[in-house]
Amino acid sequence: MPTGHPERPERIAAITQMLAQDFAHETTKIAPEATDNQLALVHDDEYLQKLFAASPREGLLGIDGDTYLSPKTLEIAKRGAGAACAAVDDVMMNAGESAFVAMRPPGHHAEPDKAMGFCFFSNAAIAARHAQHQYGIDKVAVLDFDVHHGNGTQACFWHRSDCLYASTHEMPLFPGSGHTDEVGKGSIFNQPLHSGMDGDDVIAAWKPLLASLEKAGPELIIISAGFDAHQDDPLASINMTSSDYYELTAMIISLADKTANGRVVSLLEGGYDLDALSSSLKHHLLALSGKPEDV
Ligand SMILES: [Zn+2]
């Protein structure tokens, strides 16, 4: 990425260090590349062809002011989408397991025919459609607590009633979508947050969203886990603490236990302050793995 870009390799290095320290006993796997068929579950053929044709042999190619291709970007992005599908495979085939994917670039801004906001493949939407396609899952829900609205996931689900999307996000903020009246086929639930809100406000905003999802009864829960609503994040102005992510994750797991047989797949989206990212993720993973917060 260009110098000073917030979506930088050091994010994964910070996460890897935390995982080695605090989650050394969990099973880890290398991400496989998504197949063309998996990418085509949500992306248009023409978009995929143009994107792969644009991949530079050297240097950086700017798709827009935020989103850059290096020679390796698409291979890495394919591994993100492939890992999201592999994580679905794991939780579908192993009862009682949950999975987290530490990926970059993120995915929730990528629309069926458009790369934007650091994102190329709509990983959460691909994972949801993979679960339906491969395992005959009827309803899947993507829960997105990244501070930005997941316009890409929403666009992938806009015409579907069997793919649910719920999001809290600061507004006004990039990308500008996510008003409460954006509902698609009635399976999209948006709750904007205002600058300066804290963790209690975010958790209160999730309660009605979770109630709506519980009524709909998703059989698999996918989390778009962005940690840029943290108070130390440089890209937004919501004031969550690392500990708030434990409570929020526990609420999501409670929904998964009720409707989805406990099946949860969590995918990394944003989070741009390295200390806040690794500490928030630690709390998220403690809740996801059923451990007490004060370990
Ligand atoms: Zn974000």
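Residues numbered from 1 in each chain as written. Predicted model: local features only at pLDDT ≥ 70, side-chain atom pairs only at ≥ 80, totals over all residues. Heavy atoms only, no water.

Asker: Mind showing me how you'd approach the coordination of the zinc ion here?
Answerer: Around a metal, the perfect tetrahedron of four donors has angles of 109.5 degrees, and the perfect octahedron of six donors has angles of 90 or 180 degrees. At 2.0 to 2.7 Å from the zinc ion lie its protein donor atoms, namely Asp146 (OD), Asp146 (OD), His148 (ND1) and Asp228 (OD). Because the angles between the four donor atoms bound to the zinc ion fall within 53 to 154°, the donor set is best described as irregular. The sequence pattern describing where the donors of the zinc ion fall on their chain is D-x1-H-x79-D. One end of the pair, Asp146, is in the loop between strand S4 (140-144) and helix H6 (151-157); the other, Asp228, is in the loop between strand S7 (220-225) and helix H8 (242-259), and 82 residues separate them in sequence. Of the two residues, Asp146 and Asp228, neither departs from the other in class, the shared state being buried. (Donors = N, O, S within 2.8 Å, 3.2 Å for Na, K, Ca; no water. Tetrahedral: all angles 85-135°; square planar, octahedral: opposite > 155°, others 65-115°. Helix = DSSP H or I, 4+ residues; strand = E, 2+ residues; numbered from the N terminus. Buried < 20%, exposed > 50% of the residue type's maximum accessible area, 1.4 Å probe, protein only.)

Asker: Explain the side chain of His283 here, please?
Answerer: Inspection of the secondary structure puts His283 in helix H9 (residues 274-288). A polar contact of 2.9 Å, which involves the side chain of His283, links it to the backbone oxygen of Ser279. For His283, the residues in contact, after removing those within four places along its chain, are Ser242, Ser243, Tyr246 and Glu293. (Polar contact = N/O pair within 3.5 Å; in protein donor to acceptor, adjacent residues only side chain to side chain. Contact = heavy atoms within 4.5 Å.)

Asker: Help me understand the state of the cysteines, please; the structure alone is not making it clear to me.
Answerer: Joining two cysteines, a disulfide is a covalent bond between their sulfur atoms. Following the criterion strictly, the structure yields zero disulfides and no others. Between Cys85, a cysteine without a disulfide, and Cys156, which holds the nearest cysteine sulfur, the sulfur-to-sulfur distance is 12 Å. Cysteine Cys163 remains unbridged, with the sulfur of Cys156 as its closest cysteine sulfur at 9.2 Å. Looking at Cys163, the relative accessible area reads 0%, which means it is buried. (Disulfide = S-S within 2.5 Å.)

Asker: Help me understand the packing of helix H1 (residues 10-22) against H9, please; the structure alone is not making it clear to me.
Answerer: How two helices pack is summed up by the angle between their axes together with the distance between the axes. Across the interface, H1 lies against H9 with an axial gap of 9 Å and an inter-helix angle of 45°. When the axes of H1 and H9 are compared, the pair comes out oblique. Crossing geometry of H1 relative to H9 is assigned as right-handed. Contact residues: H1 offers Glu10, Arg11, Ala14, Ile15, Met18, Leu19 and Asp22, while H9 offers Leu274, Leu277, Ser278, Leu281, Lys282 and Leu285. Residues of the contact of H1 with H9, tallied by class, amount to eight nonpolar, one polar and four charged. (Axes fitted to C-alpha atoms, helices over the stretch in contact; angles between N-to-C directions. Parallel < 35°, antiparallel > 145°, perpendicular 65-115°, else oblique. Left-handed = near helix turned anticlockwise from the far one by under 90°. Nonpolar A, V, L, I, M, F, W, Y, C, P; charged D, E, K, R; others polar.)

Asker: What should I look at first to understand unusual backbone geometry in this one?
Answerer: Both trends apply: most residues other than glycine have a negative phi, and most peptide bonds are in trans. Here the amide bond leading from Arg104 into Pro105 is cis, since omega sits at -5°, within 30 degrees of zero. The residue after Phe174, namely Pro175, is reached through a cis peptide bond having omega 0°. Summarising the element assignment, Pro175 is placed in the loop between strand S5 (163-170) and strand S6 (188-193). Here Phe118, not a glycine, exhibits a phi torsion of approximately 75°, which is positive. Inspection of the secondary structure puts Phe118 in the loop between strand S3 (98-101) and helix H5 (123-135). If you check the backbone angles, Asn261 has positive phi at about 55° while not being a glycine. As for its placement among the helices and strands, Asn261 is situated in the loop between H8 and strand S8 (264-268).

Asker: Could you clarify how one ought to interpret the nonpolar core in this entry?
Answerer: Proteins that are soluble and globular tend to have nonpolar side chains buried together. Core analysis: the biggest nonpolar cluster contains 85 residues, and Phe121, Leu143, Phe145, Trp206, Ile221 and Ile222 have the highest contact counts within it. Per-element tally for this core: the top contributor is helix H4 (residues 73-93), with ten residues. (Core = buried A, V, L, I, M, F, W, Y, C linked by side-chain atoms within 4.5 Å.)

Asker: Looking at this structure, I do not really get the environment of Pro105. What am I missing?
Answerer: Take Pro105: it is sitting in the loop between S3 and H5. Given a relative accessible area of 10%, Pro105 falls into the buried group. For the pair formed by Pro105 and Asn123, sequence separation is 18 residues and the distance between their alpha carbons is 9.9 Å. Here Pro105 is in contact with Glu7, Ile76, Ala77, Phe118, Phe120 and Asn123, once residues within four sequence places are set aside.

Asker: Looking at this structure, how should I read empty space enclosed by the protein?
Answerer: Rolled over the atoms, a probe sized like a water molecule indicates the empty space that remains. According to the stated counting rule, one finds one cavity of 30 Å³ or more in the structure shown. If you add up the space inside the largest cavity, you get close to 30 Å³. Considering the residues around the largest cavity, the lining is formed by Ala77, Gly80, Ala81, Met103, Pro105, Pro106, Phe120, Phe121 and Asn123. At three residues, the largest contribution of residues to the lining of the largest cavity is made by H4. (1 Å grid on protein atoms, 1.4 Å probe; cavity = no way out; pocket = protein on both sides within 12 Å on 5 of 7 lines; lining within 4 Å. Points joined across faces, edges and corners; volume = space filled by probe spheres on them.)

Asker: I'm lost on the layout of surface pockets in this one. Help?
Answerer: Considered as a void within the structure, the largest pocket measures approximately 1200 Å³ in volume. Secondary structure elements with two or more residues in the lining of the largest pocket: H1, H4, S3 and H9. No other element matches the eight residues that H4 contributes to the lining of the largest pocket. Partitioning the lining of the largest pocket into residue classes produces 21 nonpolar, nine polar and six charged. Computed from the structure, the second largest pocket encloses a volume of approximately 180 Å³. Along its surface, the second largest pocket is lined by 14 residues, and Met1, Ser70, Thr73, Arg104 and Pro105 are the ones closest to its centre. Among the residues forming the lining of the second largest pocket, the class breakdown is seven nonpolar, three polar and four charged.

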